[in-house]
Amino acid sequence: MADVPVPRPGPGQIQVRIAAASINPADVRLPGGDFRDVMPLAFPHVPGNDFAGTVSEVGAGVTAYQVGDEIFGQAVPRALRAMAGATRPSLSTGSLAEYAVFEADTQFLARRPAGLNIEQAAALPTIGLTARALMATAKIRPGETVLVIGATGGVGTAVIPLLAAAKARVIATATDADADILRGLGADQTIGYAEAEYPSSVDVAFNLTLPSDHLTAVASAIRPGGRFLTITLPVPRQEWIGRDDVRLHFVLDRDGTFGGMREVGELAVRGELPATIGRRYTLDDGVQACVDFVRLHTTGKLVVTLLEPGQDAVVDVGQVVHAVGVDQQRVGQPRQLHQPGQAGAGSTRPMSATTITAR
């Protein structure tokens, strides 16, 4: 945990008092050094993509939001700018913090619907966008059999209800302890993680967890002419799966081709896109949330709550708050201070905010 200056919005940006955030793979992989060769990281680094909170300040030129608006969404830290899309990128100073600055002009932020509570809104952004992109790419037909690898994670627990609604027959990998949860979400059958348990001749396979260069066993379960969708890195190549009669798709919707946060919220309030929350943490336990994400088997999303209902979302200039950190020696990079007040621009004032930060 550490104290950092509260970021202030520049032109076209908004500051948000974060009420809750959720953990995603990039939150631990990026400061862990997995992408150091292609995405060098400046320290201190504040992780966090997904959030729900209240607009607490608006920058010049912003008309879509005003102070007091309850919003939620997804925005990547600037270190991941290359993954943020070519147009209207959704960037932030990192959502695992009491305050964060976001670009306002992006479809990956939206007002939080009244029927969506703060924890659900914080859990849904990345997994909701990914689940919708998977469904749009797969074009599931009624009666098709779909194998879901990594079904107990955030994306898996979000996409299974969508597959069930599309009248697919869903076979999902799971532990015995998670089987009832997945069946409750719409899975027709659960199997173990061993490759020997994979079925044969499925129409579609979703890989949500295995590295994309270790997919030959999953590919073998697909019928000729079937579809194979994966969301994991590295970006896959056809020759890696050992099949030329299966259509391979790497699914990453960086530009909102299949819709944005408004559509995710609409699905959620209709009950079609549930948020499965496996564990809850306070910000003081934010480091433990990141550790648990790496070391423990998790079901659904891990949510970090930062703001209790009724707490004031307005910035107090004299406020001091703390943050969670990863020492830069752990990723083999020298300490480099970035400008913590900037998502793309912006400034800082002599205040501080509680933040989960790598430094």
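Scroll up to find the structure this text is about.
So, here is what we can say about the structure in this document. (Residues numbered from 1 in each chain as written. Predicted model: local features only at pLDDT ≥ 70, side-chain atom pairs only at ≥ 80, totals over all residues. Heavy atoms only, no water.)

1. Comments concerning the nonpolar core
One finds Leu163 and Phe206 to be the most contacted residues of the largest nonpolar core, which totals 46 residues. For this core, the secondary structure elements donating two or more residues are helix 2 (118-123), helix 3 (125-138), strand 10 (145-149), helix 4 (154-165), strand 11 (169-173), helix 5 (179-185), strand 13 (202-207) and helix 7 (261-269). Per-element accounting of this core gives the leading share, seven residues, to helix 3. When near neighbours in sequence (up to four residues on either side) are disregarded, phenylalanine 206 contacts Leu134, Ala138, Val146, Leu147, Val148, Ile149, Val159, Leu163 and Leu229. Residues Ile23, Val28, Tyr281 and Leu283 belong to the second largest nonpolar core, which totals 24 residues. (Core = buried A, V, L, I, M, F, W, Y, C linked by side-chain atoms within 4.5 Å. Buried < 20%, exposed > 50% of the residue type's maximum accessible area, 1.4 Å probe, protein only. Helix = DSSP H or I, 4+ residues; strand = E, 2+ residues; numbered from the N terminus. Contact = heavy atoms within 4.5 Å.)

2. Remarks on the side chain of aspartate 203
Within the element layout of this structure, aspartate 203 appears in strand 13. The exposure class assigned to aspartate 203 is buried, which follows from its relative accessible area of 14%. Within the local environment of aspartate 203, its side chain forms a polar contact with the side chain of arginine 223, the two groups lying 2.7 Å apart. For aspartate 203, the residues in contact, after removing those within four places along its chain, are Glu144, Thr145, Ile222, Arg223, Gly226 and Arg227. (Polar contact = N/O pair within 3.5 Å; in protein donor to acceptor, adjacent residues only side chain to side chain.)

3. Details of the sheet that holds strand 13
The strands making up a sheet are joined through hydrogen bonds of the backbone, oriented either antiparallel or parallel. Spatial strand order, 12-11-10-13-14-15: six strands in an open sheet with parallel pairing. Here the strands that pair on one side only, and so sit at the sheet edges, are strand 12 (189-191) and strand 15 (247-250). Strand-to-strand twist of the sheet, defined as the mean angle between neighbouring strand axes without regard to direction, takes the value 20°. The sheet contact formed by strand 10 and strand 11 spans four bridges and is parallel. Paired with valine 148 across the two strands is alanine 172, which belongs to strand 11. The strands touched by helix 3 within the sheet are strand 13, strand 14 (222-230) and strand 15, with strand 14 carrying the most contacts at an inclination of about 155°. Seen against the sheet, helix 4 touches strand 10, strand 11 and strand 13 and runs at an angle of roughly 160° to strand 11. (Pairing = 2+ DSSP bridges. Axes fitted to C-alpha atoms, helices over the stretch in contact; angles between N-to-C directions.)

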